[in-house]
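# Survey of secondary and tertiary structure
Each chain is listed here by its residues.
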Amino acid sequence: MNLQDTMMLFGGTLGSRHTKRERYLFGQELRKILEANSWDYSLQLPEKSRRFIRVENIIVGDLQRCKTLFVVPFDTPTKSLLPCRYYPFHPELTIKDGQRDLLMRGLLGFFLILMAVPLIWLAFAYRGWWRFLLIPAAMLSVFAFRMMKGRRNPFNFNRSSASVAVAVRLCEELAGNKNVAFAFCDKAATSYEGYKLLSKELSPNLAVVLLDCIAKGDQLVLAHGTMANLKAKRLLEHLPNSTMERTYEDSQVGRNLLSLFPAGMILTSGAIEDGELVVHNTRSPKDVGLDLPRLELIEAALCAFAQGK
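Throughout what follows, the structure given in this document is the object of discussion.

### Side note on the nonpolar core
- Phe-70, Phe-182, Phe-184 and Leu-302 are the most contacted members of the largest nonpolar core, which totals 49 residues.
- Here this core gets nine residues from one element, more than from any other, and that element is helix α5 (residues 157–173).
- Beyond its immediate sequence surroundings of up to four residues, Leu-302 is in contact with Phe-70, Val-166, Leu-170, Val-209, Leu-211 and Leu-235.
- Counting 25 residues, the second-largest nonpolar core is a separate cluster that includes Phe-89, Cys-185, Val-221 and Leu-257.

### Let's talk about the pattern of salt bridges
- If you walk through the whole model with that rule in mind, you get twelve salt bridges.
- Of the charged contacts, one joins Glu-56 and Arg-54 as a salt bridge, the two residues approaching to 2.6 Å between their closest N and O atoms.
- Under the relative-accessibility criterion, Arg-54 is labelled exposed at 60%.
- Glu-172 is paired through a salt bridge with Arg-169; the nearest N and O atoms lie 2.6 Å apart. Separated by three residues within a single helix, Glu-172 and Arg-169 lie in helix α5, roughly one turn from each other.
- Sharing partners across several salt bridges, the network here consists of Arg-169, Glu-172, Glu-173 and Glu-299.

### Some points on a nonpolar patch on the surface
- On the surface, Trp-129, Phe-132, Ile-135, Met-139, Val-142 and Phe-143 cluster together into a nonpolar patch covering about 700 Å² of accessible area.
- With respect to the element layout, Phe-143 can be found in helix α4 (residues 134–149).
- According to the relative accessible area criterion, Phe-143 is partly exposed, its value standing at 46%.

### Some details on unusual backbone geometry
- Going from Arg-159 to Ser-160, the amide bond is cis rather than trans, its omega being 15°.
- One non-glycine residue, Ser-38, lies in positive phi territory at about 60°.
- On the secondary structure map, Ser-38 appears in the loop between α2 (20–36) and β1 (41–44).
- Relative accessible area serves as the criterion here: at 61%, Ser-38 is assigned to the exposed category.
- Residue Arg-283 is not a glycine yet carries a positive backbone phi of 60°.

### Observations concerning the packing of aromatic side chains
- One pass over the full model with this rule turns up ten aromatic pairs.
- Ring centres 5.2 Å apart and planes at 15° place the aromatic pair Trp-129 and Phe-132 in the stacked group.
- Their ring planes at 85° and their centres at 6.2 Å tell us that Tyr-195 and Phe-261 sit as a pair that is edge-to-face. Linking Tyr-195 in helix α6 (residues 193–199) with Phe-261 in the loop between β8 (244–248) and β9 (265–273), this pair joins segments that are 66 residues apart in sequence.

### What about the environment of Ser-16?
- Within the secondary structure layout, Ser-16 lies in the loop between α1 (3–13) and α2.
- Along the primary structure Ser-16 and Leu-134 are separated by 118 residues, whereas in three dimensions their C-alpha atoms are 34 Å apart.
- Among all residues touching Ser-16, those that are not within four sequence positions of it are Glu-22, Thr-76, Arg-152, Asn-153, Pro-154 and Asn-156.
- Polar contacts involving the side chain of Ser-16 include one to the side chain of Glu-22, which spans 2.9 Å.
- A polar side-chain atom of Ser-16 sits 3.5 Å from a polar atom in the side chain of Arg-152.

Cut-off values and rules
Residues numbered from 1 in each chain as written. Predicted model: local features only at pLDDT ≥ 70, side-chain atom pairs only at ≥ 80, totals over all residues. Heavy atoms only, no water. Core = buried A, V, L, I, M, F, W, Y, C linked by side-chain atoms within 4.5 Å. Buried < 20%, exposed > 50% of the residue type's maximum accessible area, 1.4 Å probe, protein only. Helix = DSSP H or I, 4+ residues; strand = E, 2+ residues; numbered from the N terminus. Contact = heavy atoms within 4.5 Å. Salt bridge = Lys/Arg side-chain N within 4 Å of Asp/Glu carboxyl O. Patch = residues over 30% accessible without salt bridge, like charges linked within 9 Å, V, L, I, M, F, W, Y side chains within 5 Å. Areas by Shrake-Rupley, 256 points an atom, 1.4 Å probe, with all protein chains shown as cover. Phe/Tyr/Trp six-rings, centres within 6.5 Å; stacked < 30°, edge-to-face > 60°. Polar contact = N/O pair within 3.5 Å; in protein donor to acceptor, adjacent residues only side chain to side chain.

Here is the structure:
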């Protein structure tokens, strides 16, 4: 498959990877592709004593032998009620938007439950035909539960289908290259749990390339710490000329993912507003923007970087 077909598969057909069944179907499709290209793969799970949150990272290749590791999130978020913005380098602002949406969900869910209470009271107080009021009361309770839990978002091009599509294409193009490995991280688009689990297995000096929101955005950015200066310079030689480089000093990386991957690089895109990179339309059906020509350039650049060109 070319990149466009791969994007149609993981951005459209398997565009949501939130429910257990959706994640299973994604895993089965990925397994077929990996086996067709003779890749070894395994599941990375947390220790039994720490399985408070179910995390299942998919590791492709050998983490101990590889010189370059491509990391992508494969899970997808829930659909938000309010417009939510994603800040790749300022997670506190992302959490703030998420908390506002969560509060709205809670209030609406509580209101629906309040509507169900008098119906239940009438049904048990007067009995007889009044018990039919339990049906709308039950429906209101179910709606309240779903409202507070959240529904899957159907399309997630920026978070994180485009990253998955590029990583899959790289698996096909770099088949047989023992110096490259891939990590498809669970609970990574919705939290840092998958990344945290992965980082425990890695050498601190490993060249990690983390693909974030690369489907579409005004500005493509390559961010890294001082430990990755030379690697970033080599990768920038292959990326589009408009790519902005952002270097974080050691004292600054604690606020984002570079704290987990000190020698890593984050490739993402978005709009620069008030000095911060922000991605709009995530967690909504509007997350369908795609700059395919640029995405193809990104794939070619990453492939050349992995081959040491």
